[in-house]
Amino acid sequence: MKILINYFSGTGNTKFVADKFAEAFLTEEYSVELFSMEDRDLSNADCDLLVLGFPKFYGYVPLFYLDYVKETLNQSKDTKKVIMFCTESGGTLTSFTEFIEILNDKNYETVWATSIIMPNNYLIKSNYEPTPVLVTEDRINKIFSTVKYIVDNVIGNNTHIETADEEKASRARAMAYGLKEKAGMIAAGYSVDSSCDFCDDCVRVCPTSAILKVEGKYVFTESCINCVRCVNICPSNSITYNGYKPPQYNRLMIKG
Ligand SMILES: Cc1cc2nc3c(=O)[nH]c(=O)nc-3n(C[C@H](O)[C@H](O)[C@H](O)COP(=O)(O)O)c2cc1C
Ligand code: SF4
Ligand code: SF4
């Protein structure tokens, strides 16, 4: 059986879980291909089982990832199975319904859809707290067994589709679609302060090339998806959001 694992990860949480899926399938001696949405699209997807991973953004599936799958995954002739996971930090359920319908239309049947709790990477407002160290360690230590449980169940033809409160889900969905229209407003919150040493790391790691250098100054443009990778990669913590300098999330940081 060929397994294809695809994900988006802003700061490393989702990548960490995707890597654990690869490890779990490899221990079962399946063939595994693993790549991020930044590497390429899904148009040449060749697999028997597709694993899709993404972070939760604003209580919902990130719309740019949903669009990526919708636009690049081709219709399959045979029915293929899908495992979907959403990393998040709040311990709330995720509504996968819209994503599952998109996949159904392409003849991909979701057999497992679940949230996976991780340490919080979203610290750009003063009231958003980092996850305490011991809780972080506990969450990280549980990932492999969680993933192995899913893999064993899917191999055994069991299914599980997490369902969220529909009213909350539809509010979160509306907010996610509303924010999509306000990408410029989100980008405008970011700026670089005088501690910046012009290393260009933020520019290099931005998944959407949203940071431009204009006349020696960094400008955040509306392709920003608010993934907070730039904030956390910066060696001098020089990126602020609406004047607030957040603590950096280094636990599982993608190093670019
Ligand atoms: C823009 C943004 C919005 C977020 N919204 C939520 C949320 O609504 N609920 C939640 O539990 N976590 C939320 N988070 C936290 C992330 O979902 C969580 O830390 C995730 O594991 C990050 O994955 P990554 O490191 O792969 O990007 C948010 C993070 C970001 C950057
Ligand atoms: S500019 Fe926006 S999209 Fe780019 S890394 Fe920073 S938060 Fe992410
Ligand atoms: S990563 Fe930080 S120090 Fe480097 S250019 Fe960006 S803001 Fe400046």
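Bear in mind the structure is a predicted one, so any value in this text is a computation, not a measurement.

(A) Spatial organisation of the nonpolar core. Counting residues in hydrophobic clusters, the biggest one holds 32 residues, and the most contacted among them are Leu52, Tyr65, Val69, Met84, Phe99 and Leu103. Contributions of two or more residues to this core are made by β3 (49–55), α2 (63–72), β4 (80–88), α3 (97–105), β5 (108–117) and α5 (166–181). Among the elements that make up this core, the one with the highest residue count is α2 (5 residues). Counting 28 residues, the second-largest nonpolar core is a separate cluster that includes Phe21, Trp112, Val154 and Tyr249.

(B) Up close: the pairing of strand β8 (residues 211–214). Two elements, β8 and strand β9 (residues 217–220), share 4 bridges in a ladder whose sense is antiparallel. By the bridge assignment for β9, leucine 212 is matched with valine 219. Here β8 hands over to β9 after 2 residues, with glutamate 215 in that stretch at a positive phi of 50 degrees.

(C) Region of interest: the site of ligand 2. Lining the immediate environment of ligand 2, one finds 13 residues, of which Cys206, Cys224, Cys227, Val228 and Cys230 sit closest. Looking at the shell around ligand 2, its residues break down into 10 nonpolar, 2 polar and 1 charged.

(D) Structural view of the domain arrangement of the chain. For the chain, the domain assignment lists domain 1 (2–172) and domain 2 (183–241). For domain 1 and domain 2, the distance between their C-alpha centres works out to 26 Å. Of the roughly 940 Å² buried between domain 1 and domain 2 on both sides combined, carbon and sulfur atoms contribute 61%. The closest approach of N and O atoms between arginine 229 and glutamate 38, which form a salt bridge, is 2.7 Å. The interface formed by domain 1 and domain 2 contains 5 residue pairs in polar contact (both at pLDDT 80 or more).

(E) A look at the packing of aromatic side chains. Evaluation of the coordinates by the stated rule reveals 15 aromatic pairs. When the centroid spacing of 6.0 Å and the interplanar angle of 70 degrees are considered together, the rings of phenylalanine 25 and tyrosine 30 count as edge-to-face. An angle of 55 degrees between the planes, with centres 5.9 Å apart, marks the rings of phenylalanine 57 and phenylalanine 64 as tilted. A connected cluster of aromatic rings, assembled from ring pairs, spans Phe54, Tyr65, Tyr68, Phe96 and Phe99. Geometry around phenylalanine 35 places arginine 40 over its ring, the cationic atom sitting 3.8 Å from the centre.

(F) Geometry of the site of ligand 1. Contacts to ligand 1 come from 22 residues, most closely from Ser9, Thr11, Thr14, Lys56 and Gly59. A distance of 2.6 Å separates an oxygen atom of ligand 1 from a polar side-chain atom of serine 9. The fraction of the free accessible surface of ligand 1 (640 Å²) that becomes covered by protein chains is 93%. Of all the secondary structure elements, the ones that give two or more residues to the shell around ligand 1 are α1 (13–27) and β4. Along the lines of polarity and charge, the residues of the shell around ligand 1 split into 7 nonpolar, 13 polar and 2 charged.

(G) Representation of the pairing of β4. Burial analysis of β4 places 8 of its 9 residues in the buried class, the great majority of the element. Bridging between β3 and β4 involves 7 bridges; their strand directions are parallel. Across the sheet, the residue bridging to glycine 53 is phenylalanine 85, located in β4. In this view, the connection linking β3 to its parallel neighbour β4 by way of α2 has right-handed handedness. Sheet topology places β4 next to β5; 9 bridges connect them, and they run parallel. Looking at the pairing, valine 82 lines up with threonine 110 of β5. The β-α-β motif built from β4, the intervening α3 and the parallel element β5 has right-handed crossover chirality.

Conventions and cut-offs
Residues numbered from 1 in each chain as written. Chains lettered and ligands numbered in written order. Predicted model: local features only at pLDDT ≥ 70, side-chain atom pairs only at ≥ 80, totals over all residues. Heavy atoms only, no water. Core = buried A, V, L, I, M, F, W, Y, C linked by side-chain atoms within 4.5 Å. Buried < 20%, exposed > 50% of the residue type's maximum accessible area, 1.4 Å probe, protein only. Helix = DSSP H or I, 4+ residues; strand = E, 2+ residues; numbered from the N terminus. Pairing = 2+ DSSP bridges. Near = heavy atom within 4 Å. Nonpolar A, V, L, I, M, F, W, Y, C, P; charged D, E, K, R; others polar. Domains from an automatic or database assignment. Buried area = accessible area lost by both parts, 1.4 Å probe. Salt bridge = Lys/Arg side-chain N within 4 Å of Asp/Glu carboxyl O. Polar contact = N/O pair within 3.5 Å; in protein donor to acceptor, adjacent residues only side chain to side chain. Phe/Tyr/Trp six-rings, centres within 6.5 Å; stacked < 30°, edge-to-face > 60°. Lys NZ or Arg CZ within 6 Å of the ring centre and 35° of its normal. Areas by Shrake-Rupley, 256 points an atom, 1.4 Å probe, with all protein chains shown as cover. Right-handed = clockwise from strand over helix to strand, strands pointing away.

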